[in-house]
Amino acid sequence: FFFATRRLFSNPALRRAVRIMSTDDHKKDVLKKFGLNEKGATDALKNAELTGILLKMDEQFSASKLLYSVATKAHTEAHRDLLGQYVKDEKIATSQQLECALAFLKGHPEVASGDAAFEKDCGVGVTVMDEEIAAAVAKAFEEDKAAIEEDRYQYNFGSMLGRLTKTDHIKWANPTKVKAELDKQTLAVLGPKTEADAQAGKKKKEKAKPAAKTEKVKKPSAAEVAMQKEAEQMAKMTEAAKAAMSTFLYKPRLCRIKQLLDDASKGVFPDENQECVVAGWIRTTRDQRAMVFVELNDGSGPTGLQIVLEPTNCPDLEEFKKLGAGYGACIEVTGKVVKSPAAGQLVEMQGTGVKLLGPVGDGYPLAKTALPLEVLRSYPHLRVRTNVMACVMRVRNEASFAIHKFFKDRHFQYVHTPVLTSNDCEGAGECFTVSTLLGQPNPDYSKDFFGSKAMLTVSGQLNVETYAAGLTNVYTFGPTFRAENSNTSRHLAEFWMVEPEVWFIDQKGLMDLAEDFLRYCIAHVLKECQADILYLSQYHQRMEEERTQEEGQRTLEGTLVERLVGIVSEPFGRVTYTEAIDILKKEAEEGKVTFEDMDLHWGMDMGSEHERYLAEQVFKKPVIVTNYPAEIKSFYMKQSEDGKTVAGMDILVPSIGEIIGGSVREDDFDKLVALAKSKGMSDADIESLSWYTDLRKYGSAPHGGFGLGFERLLLLCTGMLNIRDVIPFPRYPGGISC
C-alpha cells in the first residue's frame, strides 16, 4: 500500500488536482460562512470575481449574511470597504440599515466614514432595545384593539408587522425580534388558538386557495415586452403626477367671502374660536358709536359679508375711524365668523383687527347708487367694482371654463390659431392691416416685415381646420378682429370666437354637437353662477320697472332665470332656410309683424330682426336654420345635392339672433376651387390659400365645424343689452381706452 500510494502521488497532474480540490473545499467553507448553502457556495465558486471579493471581505471583516449583501449590492470597492467596516463594528446590524445605506450611497457616492448625514438617515449605530420593541408592538395592539378582538387570529398581523418595520426608530430593529415579540403579545392577548380559530383559518385559506394550475405561460413576444415597458412608464408618470399634484406650496392666507356664505347656506360654520382674515372693498359703513358695521365685498360673489367692529373686541377701531375709510376703500379685517342674529344673513364677522390698505381719494367716480351702464363704460378700469359688472365677469369666467370642459370631456384638442394672418376668412375685406410701412400711400407689402400683406385675424377657422385633418376633433378659442365701422350694441372691433372643427361628421351630427354645446355652456353657468344670475335677473327687472332706455333694448318674456332654464329644458327647433322664409312671409302677409326690411324672398340674407322674430315669436326658443342659399354663404361650405343650397346651419336665439354659424365643409378639391372662383376669387387668391386647399388633395374626408361669438353667448347668459358690457375692455370705433 505504501509503495502504491507513493507511486500514485508521484504523478504531477494528480498532485495538482488534489491541491485544487483542497483549495476549492476551503473556499467553499468560507463562502458558507456568508450564509450560502452547498449549492449556493458551489455556484458562487464559478464566479471568480465574486469569490475573490467574498474571500477578501472575510479576511477584512469576518464573513456574515449581512456582509454577503454588502459584497453583492455595493457598486464600488470603496463602498464595500465602508459598509464592511460598519458591519464589522456592528453599527450596521440589520438589513433595513444596510438597504437604506445602499440607497443613500447611490445618490451620494462620495460619502466617507463618519459622515453625519449618512449615519443619521441610515440609522447607523442605532440599537433598538427589546423593551422599545415590546412597547411599539403593544401600542400597535392598542390602536387596533377592536379589530384584533373581533377577527382574532384572522386579523392581518402581517400588515401590522409591515407597519411596525416602517415606524421611526423601530424600523432599525432586527425584523426577527419584532416578529417574535408580535407573536408573543398575540398569544398573550388572544390566548392559544381555539377550534373556532382553526375553522375560521381553514375557511380563509379555502377562500384564498389559488386556482388550478394552468398551462405554462409562453415567453412574451417583443411587442408584449414593449407594451409592458410602456405600461410601467405610464404607471411611473401617473404616480409622479399624482404625488406632485397632491401637495402645493401656496396656502391662501385669506378666506373668500363667497365660500364662507356658501358654507353657511349648507349649515357649515367655521369654528367660532378660529380667526379668519378677509380683505376687500367697502360697500357700506354704519357708525353707531358703540359699534361700526361694514359691508365688505372681495369680488368672489355679489353678496358682501357684514363685519361688526366693537371697541372691546377690536383695539384698532378708534384709529381706523379716524382714517375715515368709506365706500370703495380697501381694507383687511381679522376676526371670528359667527352665526348672525340679524335677519337676511346667516353669518357675520366679529372683527378683532382692521387695517386700511388703500384709501379712496377725491374724485372717485363710482357712486354708492347704481350708475347707468353707459356711464360705467367711461371707466373700464373701475367698473368691475360694481356688482352688475362683477357678476357679468364671473359669468364670463365660468362660461370660458365650460367651453374648455365641454370639449375636453369629448376628447377635442385645443389649438392656438394665429392672431396674425394673411387670409380674410370671411371674405368681407374688413380686416385690420398690420404693417411696418406706416405713412406710405401705396405700400409695397413685398418689402414689409412678412414679405406680404398681414392682417389681424377675423377667424381662426381655416387654420384650425388644418389641425382637424390630423387630430380629428379640435377647437380654437381666442380673440378675433374686424374693422367694421359700426357703433351698434351688437358689434365690437375685438371679440372672442369659439370654433370647433370635426373630421368625419355630417350635417346632422354637426347640428347635434352645436346644440349640445350651447345648452351645456348655459347649464354650466346656471349651476355655477346661481347667485350672479339671480342678481342680474333682479337687476334687469329693476331696470325695466324704472323704464331705463338702453340702446337696442328689447322686451322679452319672462325673467333672465326663466329664459335660461327654458333654453336648457327642451330641444331646439329645426327648420330649413326655405321653410323659415315661407314662415316670415306668411306672418307678414297676415299682419302679425312688420319688419324694417319687408323684402322677404328666397335668397335674401336674413337680418337680425328676422332671426330674432323666428326665435322669439315663432318658435319661442332657440331654432336651427339649415340649408342656406349658396350665393349668400362662404366658398368653403359644401353644396347640397340640389345645387342651390349649402349644408350650412345657424342657431338663432331670443334677444340675439344668430349666435352660432357653421357648415359641413367642401372636401373635394375641384369643387372647392370652383366654388372659390364663383365667389370672385382670383387664381392668385386661391394660390395664396394653397395650404388650405391642400387638405382636399391629401387624405380628405367629410368634415365640418361652426363658430360661436363668445360675447353673444354672454349677452344671452347675462341678459345684458350691449355687447360692450360683457367684455372687460371693449374695442369699437373711437374707443380703445385702457
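Only a predicted model underlies this, so the values are computations on that prediction, with no experimental measurement involved.

A. Structural context of the pairing of strand β16 (residues 703-709). Most of β16 is tucked away, with seven of its seven residues classed as buried. Where burial is concerned, the two faces of β16 agree: the one with H703, G705, G707 and G709 and the one with G704, F706 and L708 are both buried. In the sheet, strand β11 (residues 494-503) pairs with β16 via five bridges, with the strands oriented antiparallel. Within β16, the residue paired with V498 across the bridge is L708. The pairing of strand β15 (residues 657-665) with β16 spans six bridges and is antiparallel. Residue pairing in the sheet places V664 in a bridge with G704 of β16.

B. Highlighting the environment of R283. Tracing the backbone through its elements, the reader meets R283 in strand β1 (residues 275-287). Distance in space between the C-alpha atoms of R283 and L317 is 18 Å, their sequence separation being 34 residues.

C. Examining the pattern of salt bridges more closely. Taken as a whole and assessed by the stated rule, the structure comprises 36 salt bridges. Close ionic contact of D130 with K177 constitutes a salt bridge, the shortest N to O distance being 3.7 Å. Separated by 47 residues along the polypeptide, D130 in helix α9 (residues 130-143) and K177 in helix α12 (residues 175-190) bring together distant segments of the chain. Residue K321 pairs with D287 through a salt bridge whose shortest N-O separation is 3.5 Å. Taken together, the positions of K321 in helix α16 (residues 317-323) and D287 in strand β1 put the pair 34 residues apart, joining distant regions of the chain. Each member of the salt-bridge network shares a partner with another, and the members are K508, D512, E515, R519 and R574.

D. Looking closely at the packing of aromatic side chains. In total, this model carries 22 aromatic pairs according to the counting rule given. Where F407 meets F412, the ring centres are 4.9 Å apart and the plane angle is 50°; that geometry is what we call tilted. For F407, a relative accessible area of 0% corresponds to the buried category. Linked through ring pairs, F406, F407, F412, Y414, Y475, F517, Y520 and F706 together constitute an aromatic cluster. The positively charged end of R286 is found above the aromatic ring belonging to F293, 4.5 Å away from the centroid.

E. How the structure looks around the nonpolar core. Core analysis: the biggest nonpolar cluster contains 63 residues, and F517, L518, I651 and I660 have the highest contact counts within it. Residue contributions to this core peak at eleven residues, all from helix α18 (residues 387-409). Judged by nonpolar contacts, the second largest core, of 32 residues, contains V30, Y86, L105 and V124.

F. Quick peek at the side chain of S663. In this structure, S663 sits in strand β15. Its relative accessible area of 0% is what places S663 among the buried residues. Side chain to side chain, S663 and R665 meet in a polar contact 2.8 Å long. If near-sequence neighbours (up to four positions away) are discounted, S663 is found in contact with L510, Y636, M637, A647, G648, G704 and G705.

G. A look at the sheet that holds strand β2 (residues 292-297). Strand order in the closed barrel formed by five strands is β1-β2-β3-β5-β4, and the pairing between neighbours is mixed. The sheet shows a mean angle of 55° between the axes of neighbouring strands, taken without regard to direction. Inspection of the sheet shows β2 paired to strand β3 (residues 305-309) by five bridges, in the antiparallel sense. In the sheet register, L296 faces β3, and the bridge partner there is L305. Strands β1, β2, β3, β4 (330-339) and β5 (347-358) of the sheet are contacted by helix α15 (residues 257-265), whose axis makes an angle of about 100° with β3.

H. Local environment of the sheet that holds β16. Pairing is mixed across the open sheet formed by eight strands, whose spatial order is β6-β10-β11-β16-β15-β14-β13-β12. Two strands in the sheet have a free side with no partner beyond their single neighbour: β6 (413-414) and β12 (573-576). Sheet strands in contact with helix α19 (residues 461-471) are β6, β10 (473-481), β11, β15 and β16, and its direction is about 30° off that of β11.

I. Summary view of empty space enclosed by the protein. Applying the stated criterion to the full structure yields two cavities of 30 Å³ or more. Each pocket or cavity is described by its volume, and for the second largest cavity that value is around 40 Å³. As for the second largest cavity, its lining consists of F635, L672, V673, A676, M681, I686, L689 and T693. Residue composition of the lining of the second largest cavity, by class: seven nonpolar, one polar and no charged.

J. Structural detail: the confidence of the model for the chain. Mean pLDDT over the chain works out to 89, with 93% of the residues at or above the 70 mark. Predicted confidence is poor over residues 1-5, with pLDDT under 50, and the contacts of this stretch with residues over four places away or in other chains come to zero contacts. Note that pLDDT drops below 50 for residues 548-554; the model gives that stretch 16 contacts with residues more than four away or on any other chain.

How each quantity is defined
Residues numbered from 1 in each chain as written. Predicted model: local features only at pLDDT ≥ 70, side-chain atom pairs only at ≥ 80, totals over all residues. Heavy atoms only, no water. Buried < 20%, exposed > 50% of the residue type's maximum accessible area, 1.4 Å probe, protein only. Helix = DSSP H or I, 4+ residues; strand = E, 2+ residues; numbered from the N terminus. Pairing = 2+ DSSP bridges. Salt bridge = Lys/Arg side-chain N within 4 Å of Asp/Glu carboxyl O. Phe/Tyr/Trp six-rings, centres within 6.5 Å; stacked < 30°, edge-to-face > 60°. Lys NZ or Arg CZ within 6 Å of the ring centre and 35° of its normal. Core = buried A, V, L, I, M, F, W, Y, C linked by side-chain atoms within 4.5 Å. Polar contact = N/O pair within 3.5 Å; in protein donor to acceptor, adjacent residues only side chain to side chain. Contact = heavy atoms within 4.5 Å. Axes fitted to C-alpha atoms, helices over the stretch in contact; angles between N-to-C directions. 1 Å grid on protein atoms, 1.4 Å probe; cavity = no way out; pocket = protein on both sides within 12 Å on 5 of 7 lines; lining within 4 Å. Points joined across faces, edges and corners; volume = space filled by probe spheres on them. Nonpolar A, V, L, I, M, F, W, Y, C, P; charged D, E, K, R; others polar. pLDDT = per-residue confidence, 0-100.

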